[in-house]
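Fold and geometry: a report
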Amino acid sequence: MKALLSRLRAHKTEMLTSLRQLVELESPSDNKAALDRLGQHLAVEFEKLGGRIRFHKQTHAGDHLQVDFPGAGKTILILGHMDTVWDVGTLASMPFRVARGRAFGPGSFDMKAGIVQAIYTLRALQEVQGGLPRAITVLLVTDEEIGSHSSRPITEALARKSSAVFVLEPAQGPKGALKTSRKGVSAYQVKVEGREAHSGLDSDKGASAVLELARQVLVIEKFTDRKRGVTVNPGVVRGGTRTNVIAGEAVAEVDARVSRLQDISYLDKKFRSLKPFDERCQVEVSGGIGRPPLERSKKVVELFTLAQRLASELGLTLEEASVGGGSDGNFTAALGIPTLDGLGAVGEGAHARHESVVIGEMPRRAALLARLIESLPASRF
Ligand SMILES: [Zn+2]
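Heads up: these notes are all about the structure in this document. Every chain's residues receive numbers from 1 upward, in the order its sequence appears when written. Only residues with pLDDT of 70 or above have their local features reported here, since the model is predicted, and side-chain atom pairs are shown and tallied only from 80 upward, although totals for entire chains, interfaces and linings are computed over all residues. As a rule here, side-chain values come from all non-hydrogen atoms in the structure, and water together with hydrogens is ignored.

Now for the packing of aromatic side chains. Side-chain rings of Phe, Tyr and Trp (the six-membered ring for Trp) are treated as a pair once their centres are within 6.5 Å; stacked means planes under 30 degrees apart, edge-to-face means over 60, and tilted covers the remaining angles. Enumeration over the complete set of coordinates arrives at two aromatic pairs. Both rings, one in Y188 and one in F271, keep their centres 4.0 Å apart while their planes meet at 10°; by these two values the pair is stacked. Taken together, the positions of Y188 in strand β9 (residues 184-193) and F271 in helix α7 (residues 263-272) put the pair 83 residues apart, joining distant regions of the chain. The buried category is assigned to Y188, whose relative accessible area is 3%. The rule is simple: take the accessible area with a 1.4 Å probe, protein chains only, and divide by the maximum for that residue type; under 20% is buried, over 50% is exposed, in between is partly exposed. Looking at F271, the relative accessible area reads 0%, which means it is buried. Their ring planes at 80° and their centres at 5.2 Å tell us that F223 and F271 sit as a pair that is edge-to-face. Taken as a pair, F223 in the loop between α6 (209-221) and β11 (231-239) and F271 in helix α7 lie far apart in primary sequence, 48 residues in all. Judged by its relative accessible area of 6%, F223 falls in the buried class. The numbering of helices and of strands both runs from the N terminus, where a helix is a DSSP run of H or I of at least 4 residues and a strand a run of E of at least 2.

Another aspect to go through is the coordination of the zinc ion. Ideal geometry at a metal gives 109.5 degrees between four tetrahedral donors and either 90 or 180 degrees between six octahedral ones. Within the protein, H81 (NE2), D110 (OD), E169 (OE) and E169 (OE) serve as the donor atoms for the zinc ion, at 1.9 to 2.8 Å. Metal donors: N, O and S atoms at distances within 2.8 Å, or within 3.2 Å for Na, K and Ca, with water omitted from the atom set so that some sites may seem incomplete. Metal sites are grouped by the angles between bound donors: all angles between 85 and 135 degrees with four donors is tetrahedral, opposite donors over 155 degrees apart with the others between 65 and 115 is square planar for four donors and octahedral for six, and any other pattern is irregular. One way to put it: the four donor atoms around the zinc ion meet at angles of 51 to 148°, and that makes the site irregular. All donors to the zinc ion come from one chain, and their sequence spacing reads H-x28-D-x58-E. Residue H81 is found in strand β3 (residues 75-81), and its partner D110 is found in helix α4 (residues 108-129); the two are separated by 29 residues along the sequence. Judged by relative accessible area, H81 falls into the buried class, the value being 1%.

Take the nonpolar core next. Nonpolar cores are built from buried Ala, Val, Leu, Ile, Met, Phe, Trp, Tyr and Cys residues. Side-chain atoms within 4.5 Å join them into one set. Ranked by internal contacts, the top residues of the largest apolar core, which has 65 residues, are L42, F46, F69, I136, V138, F166 and L340. Ranked by residue count, the leading element in this core is α4, at 11 residues. Any pair of residues with heavy atoms lying within 4.5 Å of one another is described as a contacting pair. Ignoring sequence-local partners within four residues, the contact set of F166 consists of I76, L77, I78, L79, L303, L340, L343, L369, L372, I373 and L376. By size, the runner-up hydrophobic cluster in this structure holds 23 residues, among which are V190, L267, L274 and C281.

Turning next to α7. Among all positions in α7, only D263, I264, L267, D268 and F271 are buried. The arc that holds the buried residues of α7, viewed along the axis, is 135°, so those residues lie on one side. Packed against the buried residues of α7 are β9, α6, β11, β13 (249-258) and β14 (282-291). What the arc describes is the spread of directions from the helix axis to the C-beta atoms.

Below, the structure is given as structure tokens:
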């Protein structure tokens, strides 16, 4: 254990250089060329470790990168994403920089530092232990920030062949808690069709879509049930054309989150059963389930308890957190594959301009991942 940590600490400067390279290869979710450049760069890094490279080619999205390390036992899947929420050119105003023990830059925290940690985790295991104790697959996708539509089937297929999934998403909060539960996220569009009319000449002939939608929003708002872990947010509404026209159309876009798998269909039914107050209006609901929740199952707790024990050997008090946002870990957990999330970097400001990583924690988090890989009991996982 000590050998792993001191080896990783010795690699700290190199880890920082690697992080800089990844951050400076900007990679927004919607830029295939940029994502593929980053993918090629990472493929070289993983090839140096003896990984077998496979790209899942995509027409529009960036190619997803799978790296296999053959070994004994059932496979451990290490999951991450290459895409960021930052456009190409962001570096001009938000360059990679180091200050006060932190590394800043677009995508540094979410989640390029996590990818760097994983690379050095594997390298440290090879250097210190002479090889990897288990078969390992690394999957780095290119569309996590926009819903993982093209990568989801790949993630799920690999998860089904794995006994545990470790997710390189950022740790939670300044103490770097792991994420043992995540909410499921759905997106609904509620569209109202009314009847347009002149607001002065024919006001009785019109049926206002805006008014109808306003009533619907009040109904939808009541779907929130905090005790149950259900929250809805009609975050966007639009409708109507002019003040002197009774609105013919109005739309609400609603974000809905649940803590438990079973509440997905409960909430879905509620949306599908919305009825117009004014019978001259039509209410149409589209959209639905995006990511199912990552539930804190017994196996998830078992993984976390193991991580907590290993962390304390590294001088780390590890806590667990429940978060509202989803990740690709939600897909693997929903399949019943034990999933531990938040094993990436410690830092702050995901999706914000002050996004940054605590450099000193990178070796220790990499050591934690290495110890988890080593210590996962083959009889249970
Ligand atoms: Zn992320």
